[in-house]
Amino acid sequence: MRFYLIAYLLFLGLPSWACTSKPVAGIDLRTGTHFSSPSPLSSKGLVVIFLSAKCPCSRSHENAIDKLAKEFSEFSFVGVHSNSDEDEGLAGLHFKEAGFSFPVISDKQAKIANELGALKTPHAFIVGPKGECWFNGGVDDTNDGSKAKNNYLKDALSDIREGKEPRKKTARTLGCVIKR
């Protein structure tokens, strides 16, 4: 128990930690084409959001997430679908119908989820130019996107856009557990 508490405190206390220096790549479930994220160096940053086609919490945040992708277009956005208990064909149909303006890639065997430490959907990460993790957590403070009072991801993106460190680098992630 003490080990987990120490690890948790260290995790929260680090000013920035490594997210990933590798491109985030996979088959875009909406189009069936291969997608590979640009290097974070080629954009303001990379926003990786883990999504589910059947989780009510993930679904309730879809419009807000797509709105953020359009509002913060200087960032590269990519959705990641890692749930092993969701049929990829049905997930692809759902994400296509959702009308996302960014790719939603398949993460078979949850390799990307494991690398980043994604736990639930939606779970968001902002990856900086050197692979550093600028933000890790929930999109907002609720499991129903229409009832949000604190918009953690939007606040972090706004801070980074203004050249500041995010006022909140970690936020509790609410939603459905990613089934590995």
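Look a little higher up for the structure.
Keep in mind that what you see is a predicted model, and the values were worked out from it rather than measured. Here the residue numbering is sequential within each chain, running from 1 through the sequence in written order. With the structure being a predicted model, the display of local features is reserved for residues of pLDDT at least 70 and the display and counting of side-chain atom pairs for 80 or more, all residues being used for whole-chain, interface and lining totals. Calculated side-chain values reflect all of the structure's heavy atoms, with hydrogen atoms and water omitted.

**Student:** Could you give an account of the pattern of salt bridges, naming the residues involved and the relevant values?
**Tutor:** Counted as salt bridges are all cases of a side-chain nitrogen of Lys or Arg within 4 Å of a carboxyl oxygen of Asp or Glu. Within the structure shown, the criterion is met by ten salt bridges. Measuring nitrogen to oxygen at the nearest pair gives 3.1 Å for the salt bridge that ties lysine 54 to aspartate 85. With a gap of 31 residues between them, lysine 54 in the loop between β4 (46-50) and α2 (56-60) and aspartate 85 in the loop between β5 (76-81) and α4 (88-98) connect regions that are remote in the sequence. On the accessibility criterion, lysine 54 (49% relative accessible area) is partly exposed. Only protein chains enter the area calculation, which uses a 1.4 Å probe; residues under 20% of their type maximum are buried, those over 50% are exposed, and those in between are partly exposed. For aspartate 85, a relative accessible area of 35% corresponds to the partly exposed category. Segments assigned H or I by DSSP are reported as helices when at least four residues long, segments assigned E as strands when at least two residues long, and all are numbered from the N terminus.

**Student:** Before we move on, could you go through the environment of lysine 96 and cite the residues and values that matter?
**Tutor:** Note that lysine 96 resides in helix α4. Its relative accessible area of 53% is what places lysine 96 among the exposed residues. C-alpha of lysine 96 to C-alpha of leucine 29: the two residues are 67 residues apart in sequence and 7.7 Å apart in space. Only 3.5 Å separates the side chain of lysine 96 from the backbone oxygen of arginine 30, close enough to count as a polar contact. Distance and chemistry together define a polar contact, namely a pair of N or O atoms within 3.5 Å, with one atom able to donate a hydrogen and the other to accept it when in protein, and with adjacent residues in sequence counting only for side-chain atoms on both sides.

**Student:** Kindly report on the pairing of strand β9 (residues 132-137), identifying the contributing residues and their values.
**Tutor:** The buried count for β9 comes to five of six residues, which makes it a mostly enclosed element. A strand pair is defined by DSSP finding two or more bridges across the two strands. Examined bridge by bridge, strand β8 (residues 123-127) and β9 share four bridges and lie antiparallel to one another. Each residue of the ladder has a partner; that of alanine 124, found in β9, is glycine 137. Taking the residues that link successive antiparallel strands as the turn, the β8-β9 hairpin has four residues, and the phi of glycine 131 there is positive, at about 85 degrees. Pairing of β9 with strand β10 (residues 170-171) involves two bridges; the strand directions are parallel. Paired with asparagine 136 across the bridge in β10 is threonine 170. For a crossover, the right-handed case is the one in which the path from the first strand over the helix to the second runs clockwise, viewed with the strands pointing away from the viewer. Of the crossover connections in this fold, the one passing from β9 over helix α6 (residues 152-161) to the parallel β10 is left-handed.

**Student:** Kindly report on α6, identifying the contributing residues and their values.
**Tutor:** Across the ten residues of α6, seven count as buried, placing the element largely inside the fold. Tyr152, Leu153, Ala156, Leu157, Ser158, Asp159 and Ile160 are the residues of α6 that are buried. Every residue pair with non-hydrogen atoms within 4.5 Å of one another is taken to be in contact. Residues of α6 that are buried in the fold lie against β4, α3 (62-71), β5, β8, β9 and β10.

**Student:** Could you give an account of the state of the cysteines, naming the residues involved and the relevant values?
**Tutor:** When two cysteine sulfur atoms lie within 2.5 Å, the pair is treated as a disulfide. Summed over all chains, the structure comprises two disulfides. Each sulfur of the disulfide joining cysteine 19 and cysteine 133 lies 2.4 Å from the other. Of this pair, cysteine 19 sits in the loop between β1 (17-18) and β2 (25-27) while cysteine 133 sits in strand β9, and the two are 114 residues apart along the sequence. Overall, the relative accessible area of 8% leaves cysteine 19 in the buried class. Here cysteine 55 engages in a disulfide with cysteine 176; their sulfurs sit 2.2 Å apart. Here cysteine 55 and cysteine 176 share a disulfide; its torsion about the S-S bond, 85 degrees, makes the bridge right-handed. Residue cysteine 55 is located in the loop between β4 and α2, and its partner cysteine 176 is located in strand β11 (residues 176-177); the two are separated by 121 residues in the primary sequence. In this structure cysteine 176 comes out as partly exposed when scored by relative accessible area, which is 29%. Within the protein, bonded cysteines paired by disulfides and numbered along the sequence follow the pattern 1-3, 2-4. The closest cysteine sulfur to the non-disulfide-bonded cysteine 57 is located on cysteine 55, 5.1 Å from its own sulfur.

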